[in-house]
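Descriptive structure summary
Residue strings, one per chain:
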Amino acid sequence: MPKSLHDLRSRRWFAAADMRAFSHRQRMQQMGVRREDLLGRPAIAIINTWSDLSPCHAHLRERAEAVKRGVLIAGGLPFELPALSLGEVMVKPTTMLYRNLLAMEVEELLRSHPVDGAVLLAGCDKTTPGTLMGAISMGLPTIFCPAGPMLNDRYLKGGQAQTVGAGTHTRMFWDEYQAGRVNEAEWVQLESRMTRSAGTCNTMGTASTMTSITEALGLTLPGASSIPAMDSAHTRMATTCGERIVQMIWEDLTPARILTRGSFMNAAAVQMALGGSTNAAVHIIALARRAGIELTLADLDTVARRIPVIANLFPSGDRLMEDFYYAGGLPALMNVIAAELSLGEMTVTGASLGANILGRDVLDAQVIRPLQDPVGSGAALAVLRGNLAPHGAVMKASAANPKFHKHRGPALVFDNQPQMLRAMADLKLEADENTVLVLRNAGPVGAPGMPEWGNLPIPKKLLLQGVRDMVRVSDARMSGTHYGSCVLHVSPESAVGGPLALVQNGDIIALDIEARSLELLVDAAELARRRAAWVAPNRRFARGFTRLYQEHVTQAHEGCDLDFLQGTQATPEPEIY
Ligand code: FES
C-alpha cells in the first residue's frame, strides 16, 4: 500500500507532541534543518562507505552530494551517514573478516536513526554485500548506488601500447617480474599505470561481479553497475537514485517485495554469464539467507552448467569494464541470456526486470559475445564435492588452464601462509607442475576471516621454467581478479576438522571438473587413523569482533554470515523515550 506522510517512520522521532520529539526537532534545527521539512518530507539515509583509505570509493563524497540533490528534487530530506569503508587492499588481515561487521553496522544505523529509506553508496568487494545484508535485514526501502569501475589505462612496453587494469594485471606482471621478464624500472612504472582513477577494480573481479549481481537482483537502476566511476553518467545516476528512493517510500517498495528466489536465480545467471568472481558464491548465499530464500551451491552449479561465460572480461577474457560499458553493459548482457531469466521480477524502478532491459542491445559482440560463441570452454563456477570437500568447494573453471580440468598429483601441504610463502621462494623446493599445492587453516574460523590466499603463488623455481598455472587447493578464497586452477572454499574448513586437515605430503589428490569431483586418494582406514590423531589448531582470539566472528561465523557453503544474523526475524524498532 502506498504510504502517506503520517505513516513515515521518521515521524516517530519528529511528530509527537512530547518533550523528546521537541528535542529531536530542536537538535536538527540546530543543524539548520527547517521544522517543516522534518515534518513534511521522508528522511533518506545515504549510507556512505567513503574514506581516505579506500581508493575505490574516493569519489563517493561527491556522489553523496549528487544523491542529496535527487532526494531534494523529489521532496525528501537527505542525511548522510558514514559507514565502515572496507577498502579491499588496505584493510588487514582481510575485509572478509569485517563484511559482517559492516552488515551489522548498516542494520543498526538504519534501525537507530529517524530515516524512512536508504541509498547505499558502496562498490568495493565487501561493501556491496555488507551494506545490502544490513539493509535487507532492516527492510526499509533501499536502492543501491554502485561506485562504478575505474577507467582503463595504457602501458607502453617495447613501443607497444597495452591496455591495463587493476588486479589481474598485477598478478600477471608480478609473475613476469619474478621470472625476470619485467625489469625493475618497468615494475616501478607499472605501479602508477594500472589504477588510473577512482573507482572499483575494472576487471570482472568481486566488485563488478557483486554490483552486477545487485543490478540483476533488481536493487539498482538499470545499467548502473556498468557505468565507469568517472563518467558524468555516474553522477546523473546517483542523482536519480536520490530521486527514486523518495518515490519508493511512497510506494512502500521494500527489499522484501523485490527479492525472490527468481531474482536470486537471475543474479546467479548473471554471475555465470559474466565469468564472475568465485567470492560471489559466498556472498549471494549470505544475501539470500538474509532475505529468507533458500539458495545453495548446488543451485549455482546448475546455473553454471547451463550458462556459458559470454562477457569477454579479465580474468576469463581480455577486456575491461570500460569496454563492457561501451558494449552495452549489463542490460545488454541480460538481453543475451533473457531466455534464462525470470523477467517478471520486480525492481527498484517499480517496473519488471524485463521492462528495464527492453531494447538495450549489444553494441560490441567482441566484448559481449553471443551464446554460440562463449569465452573459453569452462564454466564460470564449478562446485566440486568428494571426500576432500563433503560440503563443497568451488573453482573458476573458465580461468583455469584446460589441461588441469582433469588432474591427479601429489600434495604439497602448508599449514599457514608464511610457511607457504617461504617455500615458494625456495629454488630447491621439491615440486613440479603436477604437484598439487595445498594450503589449510585459511578458512572462516581458521585464518580467521577466509582471506584471499587461495591463489597460491607458483613456486619461483617453476616460474623460471615457464610454469604459469598449477592445481592449488585451500579453504581460503581467491581475489575475483585472479586466475588459475585454484580449488577454493573447501568446506568444512580444516580448522574445524574438515578433511583438508588430514592431507599429508605425497597424498594423491584427484580433481575432475567435468565430474565435479575432488578426492583425496587415501583409504578410509588411514584417514580414520589420522583423524583420531588430529589436534585442532589453537588460533582463537580472546577479544573484540574477531572473537565474536570466530564463535559465530558459518562455513563457506552457508555464506559465512554470523549465525545470529541470518534469517528474516524482524529487526525490532527502537523505543523512543
Ligand atoms: Fe576495491 Fe578491487 S580493491 S574493488
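Conventions used here
Residues numbered from 1 in each chain as written. Predicted model: local features only at pLDDT ≥ 70, side-chain atom pairs only at ≥ 80, totals over all residues. Heavy atoms only, no water. Helix = DSSP H or I, 4+ residues; strand = E, 2+ residues; numbered from the N terminus. Rg over C-alpha atoms; globule rule 2.2 N^0.38 Å. Contact = heavy atoms within 4.5 Å. Areas by Shrake-Rupley, 256 points an atom, 1.4 Å probe, with all protein chains shown as cover. Lys, Arg positive; Asp, Glu negative; His and termini not counted. Charge placed at Lys NZ, Arg CZ, Asp CG, Glu CD. Buried < 20%, exposed > 50% of the residue type's maximum accessible area, 1.4 Å probe, protein only. Pairing = 2+ DSSP bridges. Axes fitted to C-alpha atoms, helices over the stretch in contact; angles between N-to-C directions. Left-handed = near helix turned anticlockwise from the far one by under 90°. Nonpolar A, V, L, I, M, F, W, Y, C, P; charged D, E, K, R; others polar. Phe/Tyr/Trp six-rings, centres within 6.5 Å; stacked < 30°, edge-to-face > 60°. Lys NZ or Arg CZ within 6 Å of the ring centre and 35° of its normal. Core = buried A, V, L, I, M, F, W, Y, C linked by side-chain atoms within 4.5 Å. Salt bridge = Lys/Arg side-chain N within 4 Å of Asp/Glu carboxyl O. Expected span 1.5 Å × (residues − 1). Patch = residues over 30% accessible without salt bridge, like charges linked within 9 Å, V, L, I, M, F, W, Y side chains within 5 Å. Polar contact = N/O pair within 3.5 Å; in protein donor to acceptor, adjacent residues only side chain to side chain.

1. Topic: the overall build of the protein chain
- Looking only at helices and strands, one finds 21 helices and 14 strands in the protein chain.
- Scaling as 2.2 N^0.38, a compact globule of 577 residues should have a C-alpha radius of gyration of about 25 Å, and the protein chain matches this with 24 Å.
- Sequence-distant contacts, at least 24 apart, represent 76% of the contacts inside the protein chain between residues at least 6 apart.
- As displayed, the protein chain offers around 21,600 Å² of accessible surface, 53% of which is attributable to carbon and sulfur atoms.
- Of the charged side chains in the protein chain, 56 are positive and 57 negative; the average position of the first set lies 3 Å away from that of the second.

2. Some remarks on the pairing of strand β12 (residues 486-491)
- Most of β12 sits out of view: 6 of its 6 residues are buried.
- Strand direction decides the pairing type here: strand β8 (residues 389-395) and β12, joined by 3 bridges, are antiparallel. Within the sheet, the bridge partner assigned to M395 lies in β12 and is V487.
- The pairing of strand β11 (residues 472-474) with β12 spans 2 bridges and is parallel. Each residue of the ladder has a partner; that of V473, found in β12, is V487.

3. Considerations on the sheet that holds strand β2 (residues 77-82)
- Reading across from one edge, β2-β1-β3-β4 is the order of the 4 strands in this open sheet, with parallel pairing throughout. Whereas interior strands pair on both sides, the edge strands pair on one side only; in this sheet they are β2 and β4 (142-146). Between one strand axis and the next, the sheet turns by 20 degrees as a mean value, whatever way the strands run.
- As paired strands, strand β1 (residues 43-48) and β2 are joined by 6 bridges and run parallel to one another. Within β2, the residue paired with I46 across the bridge is E80.
- Along the sheet, helix α5 (residues 96-112) contacts β1, β2 and β3 (117-122); its crossing angle with β1, the most-contacted strand, is approximately 160 degrees.

4. Regarding the packing of helix α9 (residues 206-217) against helix α13 (residues 279-290)
- Packing of α9 against α13 leaves a shortest axis separation of 10 Å and a crossing angle of 35 degrees. Of the two possible hands of crossing, α9 and α13 adopt the one that is right-handed. Side by side, α9 and α13 meet where T206, T209, M210 and I213 of the first sit next to N279, A280, H283, I284 and L287 of the second.
- Among the residues making up the contact of α9 with α13, the classes are represented as 5 nonpolar, 4 polar and no charged.

5. Comments concerning the packing of aromatic side chains
- Scanning the entire structure with this criterion turns up 7 aromatic pairs.
- Taken together, the ring pairs in this structure connect Y98, F545 and Y549 into an aromatic cluster.
- Lying across the ring of W13, R12 places its NZ or CZ 5.9 Å from the centre.
- Positioned above the aromatic ring of W50, the side-chain terminus of R61 is 4.0 Å from the ring centre.

6. Let's talk about the nonpolar core
- Judged by nonpolar contacts, the single largest core of 116 residues is most densely connected at L110, F264, I284, L300, F324, L333 and I337.
- Apart from residues no more than four positions distant in its own chain, F264 is found in contact with L217, L259, I284, L287, A288, A291, I293 and L295.
- Membership of the second largest hydrophobic core comes to 27 residues, among which are A389, V413, I513 and L518.

7. Remarks on the pattern of salt bridges
- A complete count under the given rule lists 30 salt bridges for this structure.
- One salt bridge in this structure joins R468 and E176, with 3.2 Å as the shortest N-O distance. In this pair, R468 is assigned in the loop between α19 (460-464) and β11 and E176 in helix α7 (residues 168-178), connecting sequence segments 292 residues apart.
- The exposure class of E176 is partly exposed, given its relative accessible area of 23%.
- Residue K406 pairs with D512 through a salt bridge whose shortest N-O separation is 3.8 Å. With a gap of 106 residues between them, K406 in strand β9 (residues 406-414) and D512 in strand β13 (residues 508-512) connect regions that are remote in the sequence.
- Overall, K406 belongs to the exposed group, its relative accessible area being 64%.
- A relative accessible area of 16% means that D512 is categorised as buried.
- By sharing partners, the salt bridges in this structure join R34, E36, D37 and R41 into a single network.

8. Examining the environment of A161
- Among the secondary structure elements, A161 is positioned in strand β6 (residues 160-164).
- Exposure remark for A161: the relative accessible area of 45% places this residue in the partly exposed category.
- Apart from residues lying up to four places away in sequence, A161 is in contact with R154, Y155 and L156.

9. Considering α13
- Look at α13: 17 Å from first C-alpha to last across 12 residues, which is about the 16 Å you get at 1.5 Å a residue.
- Listed in full, the buried residues belonging to α13 are N279, A280, A281, V282, H283, I284, I285, A286, L287, A288 and R290.
- One or two steps after α13, the chain reaches G292, where phi turns positive at roughly 75 degrees.

10. What to know about a nonpolar patch on the surface
- Residues L53, V89 and M90 make up a contiguous nonpolar surface patch of roughly 330 Å² in combined accessible area.
- V89 sits in the exposed class, given a relative accessible area of 59%.

11. Thoughts on the side chain of T95
- Inspection of the secondary structure puts T95 in the loop between β2 and α5.
- Taking relative accessible area as the criterion, T95 reaches 0% and is therefore assigned buried.
- Within the structure, the side chain of T95 is placed 2.7 Å from the side chain of E88, a separation counted as a polar contact.
- Contacts of T95, omitting those with residues within four sequence positions, involve L86, G87, E88 and K126.

12. What to know about unusual backbone geometry
- Following A447, the chain continues to P448 via a peptide bond in cis, the omega torsion being -10 degrees.
- Inspection of the secondary structure assignment puts P448 in the loop between β10 (436-439) and α19.
- In this structure, P492 follows S491 across a cis peptide bond, with omega equal to 0 degrees.
- Along the polypeptide, P492 turns up in the loop between β12 and β13.
- Although it is not a glycine, D252 adopts a positive phi angle of roughly 50 degrees.
- Its location among the elements puts D252 in the loop between α10 (232-251) and α11 (255-258).
- With relative accessibility at 24%, the residue D252 sits in the partly exposed group.

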